[in-house]
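Chain by chain, the residues run as shown.
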Amino acid sequence: PEDTVTSSFASFIRAARPEHLSPTVRQRSKRMILDSIGVGLVGSTTRVFDIALRYCRLYSSVAVSSVYGKPGVKLSPTLAAFTNGVATHSMDFDDTWHPATHPSGAILPALLAASQMLPPNTKPNGLDFLLAFNVGLEVQGRLMHFSTEAHDIPKRFHPPSVVGTLGSAAATAKLLSLSSAQCCHALGIAASLAGAPMANAATQAKPLHVGNATRLGLEAALLAGRGMEANPLILDDIPGCSGFSAFYSIYQPKPLSAPGEHHEFLLEKQDIAFKRFPAHLGMHWVVDAALSVRNLFINYAGSFSPSLIRTIMLKIPVSKYINRPFPSSEHQARHSFQFNACAALLDGEVGLGSFSESSIHRQELRDLLDKVVVEHPEDNVANFDKMYGEVALLLHSGDVLTGKCDTFYGHWRKPLSKESLLKKFRSNASHVLPEEKIEAIITLVDNLENLSDSSQL
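Residues numbered from 1 in each chain as written. Predicted model: local features only at pLDDT ≥ 70, side-chain atom pairs only at ≥ 80, totals over all residues. Heavy atoms only, no water.

Here is the rule we go by: UniProt positions are given in the numbering used here, feature names are shortened, and annotations may be inferred rather than shown by experiment.
Identification of the protein as Cis-aconitate decarboxylase from Agelaius phoeniceus is taken from an unreviewed UniProt entry. Quoted straight from UniProt, the Subunit (unreviewed entry) entry for the protein says "Homodimer."

What follows is the structure, given as structure tokens:
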């Protein structure tokens, strides 16, 4: 069908050209690629990654695509995409957009795997790779903007398992130079492979959501490229027959304008949030608020003395799956307002080591958790663009000290500096790579437009 929402998306994927990417979009997307690789590399040291890798190595089909942090190990393209997607989200350390989703981890592993899959004389260059990455971002962002429900912290399904799957399909379809009709079918196939419930947040199963998104989107593009068809109206709002609207109670799709002078990529207008420590994005507000009030407390008392504290008051938005008073595992701790606030108060920082078993079960931390009381002010909405975190210490003396954060460092309104982003990447990558390879990756990504063969990445 002509002039439908779905056909407009397919046409956009097919028609996008490198010259449509502004300098801002190129630079922001290269920052995302570098950060995502670093997060994937450090994620390759986790237990959930090892489980996923052992599973994938059961299969021996066409092992041509590389695995994060495992030199010499190769898997089939779809399983490499899956494994690297799991690595990217294994610590909840990957980037976050608004409306809420994790965009890079759902598409970058598919593009890396597909680049290695293609024959030598058809390898995409770095500019092709960068364009495909941005096409995947744009599709995710546009789909999220079709529903007001998507703007708030999710309750029913994990967004990257839905929009990420279609973003992966779109990005891979672009990299593989599929026709407009095939792009349309790739989106339709991906919609049938999408979705994961929020009940698996804070468990080892949550990283599978991103792993599946990038793998299944790649599979959707590969199937479409081989002739499989799907509903050509999958993104349209058809009364009585749910397509993509099955994932949203409120869904108002609009055609995507053709790339060019009248189209502005969402990444131009909306930057990305990069995390400074490996936890759910909501934790970054309470950690910055906790660090602020900790400094006040030290100025007040001369040192951080928990015995002087009667109550720790957290003012946070209502979000059930990240309101966890006494987390018992690393994944629960990464999704606990209470834990992250108390860890920041006790240690003066939150980092990789904060989520080790020994750190989580410290008695002094448990004693602080016992003092936490939570409030949900009406003006503190569960929305990553509007929420705030407030931590108040009610002292036995009767004094009250308060720290508040409405925009943490790393938020799209307060982006990480180039120096901070490079520091994070070098720290993450150093867990599995020597210094010379780390610097080589930084150089490759920085000069991605000039790379003749993107599979080198």
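**Details of the overall build of the protein**
Test applied: Only DSSP runs of H or I reaching four residues or more are called helices, and only runs of E reaching two or more are called strands; each is numbered from the N terminus. Each radius of gyration reported is based on C-alpha atoms, and the globular scaling rule is 2.2 Å times the count of residues to the power 0.38. Each residue is assigned to one of three classes by its accessible area relative to the maximum for its type, calculated with a 1.4 Å probe on protein chains only: buried under 20%, partly exposed between the two thresholds, exposed over 50%.
Helix and strand counts for the protein come out as 17 helices and six strands. For 457 residues, the compact-globule estimate of 2.2 N^0.38 gives 23 Å, and the protein sits close to it at 22 Å. Along the first, second and third principal axes, the C-alpha set of the protein runs to 70 × 50 × 40 Å. Burial statistics for the protein: of 457 residues in total, 60% are counted as buried.

**Comments concerning the UniProt feature "domain: MmgE/PrpD C-terminal" (unreviewed entry) in the protein**
Sites flagged by UniProt as "domain: MmgE/PrpD C-terminal" (unreviewed entry) map to residues 277–449. End C-alpha atoms of residues 277–449 are separated by 30 Å, and the span's content is 40% helix alongside 14% strand.

**Considerations on helix α9 (residues 206–225)**
Stated precisely, the cut-off is as follows: What a helix is expected to span follows from its residue count: subtract one and scale by 1.5 Å.
Over its 20 residues, α9 extends 29 Å from the first C-alpha to the last, a length consistent with the 28 Å expected when each residue adds 1.5 Å. Of all 20 residues that make up α9, 15 are buried, and the element is covered over most of its length. In the segment just after α9, G227 is the residue with positive phi, at about 105°.

**Quick word on the sheet that holds strand β3 (residues 309–315)**
The condition is simple: The criterion for strand pairing is that DSSP finds at least two bridges linking the strands in question. Helix axes use the C-alpha atoms of the stretch in contact, all axes being lines fitted to C-alpha atoms, and the angles between their N-to-C directions lie in the range 0 to 180 degrees.
One open sheet accounts for four strands, arranged β4-β3-β5-β6; its pairing is mixed. In the strand order of this sheet, the two ends are held by β4 (372–375) and β6 (400–405), each with one partner. Ignoring which end each strand starts from, the neighbouring axes of this sheet average 20° apart. As judged from the four bridges shared by β3 and β4, these two strands associate in the parallel manner.

**Quick notes on the pattern of salt bridges**
We apply this condition: Counted as salt bridges are all cases of a side-chain nitrogen of Lys or Arg within 4 Å of a carboxyl oxygen of Asp or Glu.
Under the definition given, this model contains 14 salt bridges. Between K315 and E390 there is a salt bridge; the shortest N-O distance is 3.6 Å. With K315 in strand β3 and E390 in strand β5 (residues 389–395), this residue pair connects regions lying 75 residues apart in the sequence. Classification of K315 as partly exposed rests on a relative accessible area of 24%.

**Remarks on the domain arrangement of the protein**
What counts, and what does not: These domain limits were set by an automatic method or by a database of domain assignments. The contact criterion used is simple: two residues touch if any of their non-hydrogen atoms lie within 4.5 Å. By convention, the term buried area covers the 1.4 Å-probe accessible surface removed from two parts as they join, with the contributions of both added.
Domain annotation for the protein reports domain 1 (5–276 + 417–456) and domain 2 (281–405). Here the C-alpha centre of domain 2 lies 33 Å away from the C-alpha centre of domain 1. Domain 1 puts 22 residues into the contact, and the matching count from domain 2 is 18 residues. Of the roughly 1,800 Å² buried where domain 1 meets domain 2, counting both sides, 63% is carbon and sulfur surface. Broken down residue by residue, the surface that domain 1 buries against domain 2 is led by I153, A202 and R276, which jointly contribute 36%. Linking domain 1 with domain 2 are one salt bridge.

**Structural notes on the side chain of H335**
What counts here: In protein, a polar contact means a hydrogen-donor-capable atom and an acceptor-capable atom, both N or O and within 3.5 Å, with residues adjacent in sequence counting only if both atoms are side-chain atoms; elsewhere, any N or O pair within 3.5 Å suffices.
Here H335 is to be found in the loop between α12 (330–333) and α13 (337–347). Reaching out from H335, the side chain makes a polar contact with the side chain of K206 at a distance of 2.9 Å.

**Examining the packing of helix α7 (residues 163–175) against helix α8 (residues 180–192)**
Applied cut-off: Here the word oblique covers every angle except those under 35 degrees (roughly parallel), over 145 (roughly antiparallel) and from 65 to 115 (roughly perpendicular). Helix crossings get a hand from a simple test, with the near helix turned counterclockwise from the far one by less than a right angle marking a left-handed crossing and a clockwise turn marking a right-handed one.
At a minimum axis separation of 9 Å, α7 and α8 run at an interaxial angle of 155°. By the angle between their directions, the pair α7 and α8 is classed as roughly antiparallel. Remark: the crossing between α7 and α8 carries right-handed chirality. Across from T165, L166, A169, A170 and A173 in α7, the residues of α8 making contact are C183, A186, L187, A190 and A191.

**What to know about the nonpolar core**
Put simply, the rule is: We define the nonpolar core as a collection of buried residues of types Ala, Val, Leu, Ile, Met, Phe, Trp, Tyr and Cys that are connected through side-chain atoms lying within 4.5 Å of one another.
Residues L235 and F244 are the most contacted members of the largest nonpolar core, which totals 95 residues. In terms of residue count, the dominant contributor to this core is helix α6 (residues 126–144) (10 residues). Judged by nonpolar contacts, the second largest core, of 49 residues, contains M198, F277, A279 and A343.

**Section: unusual backbone geometry**
Trans peptide bonds make up the majority, and among non-glycine residues the majority have a negative phi. A cis geometry characterises the amide bond from H98 onward to P99, with omega recorded as -5°. Secondary-structure assignment places P99 in the loop between α4 (77–89) and α5 (108–117). Of note in this structure, D92 is not a glycine but carries a positive phi near 55°. Summarising the element assignment, D92 is placed in the loop between α4 and α5. Its identity as a non-glycine residue notwithstanding, S177 has a phi of 55°, on the positive side. Assignment of secondary structure puts S177 in the loop between α7 and α8. Of the residues examined, S177 reaches a relative accessible area of 53% and is grouped as exposed.

**Topic: the pairing of β6**
Burial of the side chains of β6 is restricted to one face: L401, G403 and C405 are buried, whereas none of V400, T402 and K404 on the reverse face is. Relative to β6, β5 runs antiparallel, the two sharing six bridges. By the bridge assignment, L394 is partnered in β6 with V400. The hairpin turn running from β5 into β6, its antiparallel successor, is four residues long, and G398 in that turn takes a positive phi close to 100°.

**What to know about the environment of F244**
Following the sequence through the fold, F244 ends up in the loop between α9 and α10 (266–269). Residues F244 and L166 lie 78 residues apart in sequence; the distance between their C-alpha atoms is 10.0 Å. Beyond its immediate stretch of four places on either side in the chain, F244 contacts L143, V162, V163, L166, I234, L235 and Y251.

**What to know about the environment of S7**
Looking at where S7 falls in the secondary structure, it is placed in helix α1 (residues 5–15). A residue is classified by how much of its surface remains accessible, and S7, at 16% relative accessible area, is buried.

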